[in-house]
Amino acid sequence: RTREHALPSSVFDYQDLDYHYDNFDIGGQSLDEMEEEIKGIQSKPRVFVGFHLKSIGTSANILLSACRSESKSSCILAGGLAVLGGPLEMPWEFDRLYKYDITSNLRAIGIEPEDVLD
């Protein structure tokens with residue numbers, strides 16, 4: 001039955017799987033509160049770094065830096081991600097970009113999203 005819910009259109013239709021929850025609070029927020037916060041974030045300009053992830057036959061730790069173009073010494077750590085792999089992994093590939101939001105990191109060094117687009 002779980003396989004029937006392995007599609008984006010049905011993944012959240014849990015009722016017929018006989019799952020029961022006391023509440024759906026996540027991090028102290030209800031789903032409505034969380035949705036409102038997400039909409040607030042999405043309503044403002046943001047900047048993303050995009051990755052096309054696929055198997056590379058090894059594990060990797062990818063660190064992102066954000067720098068002001070005027071001064072390379074003003075670089076800060078903007079985030080990171082890890083890819084787990086090895087020589088025996090089957091080939092895989094995401095069908096879309098993995099987007100990593102770096103907006104707050106750019107703001108920390110005085111770059112606004114609008115500056116990136118100019």
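Our structure is the block above this text.
Residues numbered from 1 in each chain as written. Predicted model: local features only at pLDDT ≥ 70, side-chain atom pairs only at ≥ 80, totals over all residues. Heavy atoms only, no water.

Student: Could you clarify how one ought to interpret the state of the cysteines in this entry?
Tutor: As used in these notes, a disulfide is a covalent bond between sulfur atoms, one from each of two cysteines. Scanning the entire structure with this criterion turns up one disulfide. Sulfur-sulfur distance for the disulfide between Cys67 and Cys75 comes to 1.9 Å. Its torsion about the S-S bond being 110°, the disulfide of Cys67 and Cys75 is classed as right-handed. By relative accessible area, Cys67 is classed as partly exposed at 29%. Residue class for Cys75 comes out partly exposed when judged on its relative accessible area of 35%. (Disulfide = S-S within 2.5 Å. Buried < 20%, exposed > 50% of the residue type's maximum accessible area, 1.4 Å probe, protein only.)

Student: What is the right way to look at the nonpolar core in this model?
Tutor: Across soluble globular proteins, nonpolar side chains have a tendency to be buried as a group. Within the largest apolar cluster, 13 residues are counted, with the highest numbers of intra-cluster contacts made by Phe51, Ile102 and Leu106. Counting only elements with at least two residues in this core, the list comes to β2 (60-68) and β3 (71-83). Element by element, the count of residues in this core is highest for β3, at three residues. With residues up to four places along the chain from it excluded, the contact list for Phe51 reads Ile62, Leu64, Leu81, Arg96, Leu97, Tyr98 and Tyr100. (Core = buried A, V, L, I, M, F, W, Y, C linked by side-chain atoms within 4.5 Å. Helix = DSSP H or I, 4+ residues; strand = E, 2+ residues; numbered from the N terminus. Contact = heavy atoms within 4.5 Å.)

Worth remembering: the numbers are spatial, not functional.
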